[in-house]
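The chain contents come next:
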Amino acid sequence: IDEKSDVALISVDMPCPCAPLGAMPNIDDNVLSVGWTLGEAEMATQGKVQGFGTRGRPIIVSDALGMFGNSGGGLFAFQKGQWKLVGITSSMSGASLGFFGFPVSHMTHYVSVNRILYFIHHGEYVK
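## Thoughts on the overall build of the protein
Then comes step 1: For the protein, the count of helices and strands is 1 helix and 6 strands.
Then comes step 2: Helices (α) and strands (β) of the protein occur, in sequence order from the N terminus, as β-β-β-β-β-β-α.
Then comes step 3: When burial is assessed residue by residue, the protein has 35% of its 127 residues classed as buried.

Here it is as structure tokens:
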């Protein structure tokens, strides 16, 4: 478990239809964000990579529409002829209006594939 990146790994001894890991996308690359919106329905939204940040951990920022319940879902980019996992949905940007806050659903944050790979190989947080 990496609490700073909001990532946990489990190991299972069974075949799976796993997505291959891709390379870090570039700004303006087309991406698909896939999640289970509010536990009601699978949803895929298209967007572009808008930038990169840290927010205490390395992240990819995309304008692919994010919804509550999408956390843990994948961010995919079409690389070398197939869709590859390049991030994991982590959070949405927020704005504050005094005592109230609201999500900015078109600014979604993803744990980057580089962070995922580091975690797989080292199992610890990298600054």
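## Side note on the pairing of strand S1 (residues 30-37)
Then comes step 1: Residues of S1 alternate between two faces, with Val31, Ser33, Gly35 and Thr37 buried on one and Asn30, Leu32, Val34 and Trp36 left unburied on the opposite face.
Then comes step 2: Where S1 and strand S2 (residues 41-53) come together, 8 bridges link them in antiparallel fashion. In the sheet register, Val31 faces S2, and the bridge partner there is Gly47.
Then comes step 3: Judged from the 3 bridges that link them, S1 and strand S4 (residues 74-79) form a sheet pairing that is antiparallel.

## Remarks on the packing of aromatic side chains
Then comes step 1: Within the structure shown, the criterion is met by 1 aromatic pair.
Then comes step 2: Judged by centre distance (5.2 Å) and plane angle (65°), the rings of Phe78 and Trp83 are edge-to-face.
Then comes step 3: On the accessibility criterion, Trp83 (39% relative accessible area) is partly exposed.

## Some words on the environment of Ile1
Then comes step 1: Structurally, Ile1 is set in the segment before S1.
Then comes step 2: Among residues more than four places away in sequence, those in contact with Ile1 are Val7, Ala8 and Phe119.

## Brief notes about the side chain of Lys84
Then comes step 1: Relative to the helices and strands, Lys84 is located in strand S5 (residues 82-97).
Then comes step 2: When residues no more than four places from it in sequence are discounted, the contact partners of Lys84 are Pro20, Leu21, Gly22, Leu75, Phe76, Ala77 and Gln79.

## Notes on a nonpolar patch on the surface
Then comes step 1: Residues Leu9, Leu21 and Ile120 make up a contiguous nonpolar surface patch of roughly 250 Å² in combined accessible area.
Then comes step 2: Secondary-structure assignment places Leu9 in the segment before S1.

## Considering the environment of Ala41
Then comes step 1: Position of Ala41 among the secondary structure elements: in strand S2.
Then comes step 2: Sequence separation of Ala41 and Gly69 is 28 residues, and the distance between their C-alpha atoms is 9.8 Å.
Then comes step 3: Apart from residues lying up to four places away in sequence, Ala41 is in contact with Gly35 and Trp36.

## Description of the confidence of the model for the protein
Then comes step 1: Predicted confidence across the protein gives a mean pLDDT of 77, with 76% of residues reaching 70 or more.
Then comes step 2: Here strand S6 (residues 100-112) is the element of the protein with the lowest mean pLDDT, 62, and S4 is the one with the highest, 93.

Thresholds, definitions, all that
- Residues numbered from 1 in each chain as written.
- Predicted model: local features only at pLDDT ≥ 70, side-chain atom pairs only at ≥ 80, totals over all residues.
- Heavy atoms only, no water.
- Helix = DSSP H or I, 4+ residues; strand = E, 2+ residues; numbered from the N terminus.
- Buried < 20%, exposed > 50% of the residue type's maximum accessible area, 1.4 Å probe, protein only.
- Pairing = 2+ DSSP bridges.
- Phe/Tyr/Trp six-rings, centres within 6.5 Å; stacked < 30°, edge-to-face > 60°.
- Contact = heavy atoms within 4.5 Å.
- Patch = residues over 30% accessible without salt bridge, like charges linked within 9 Å, V, L, I, M, F, W, Y side chains within 5 Å.
- Areas by Shrake-Rupley, 256 points an atom, 1.4 Å probe, with all protein chains shown as cover.
- Salt bridge = Lys/Arg side-chain N within 4 Å of Asp/Glu carboxyl O.
- pLDDT = per-residue confidence, 0-100.

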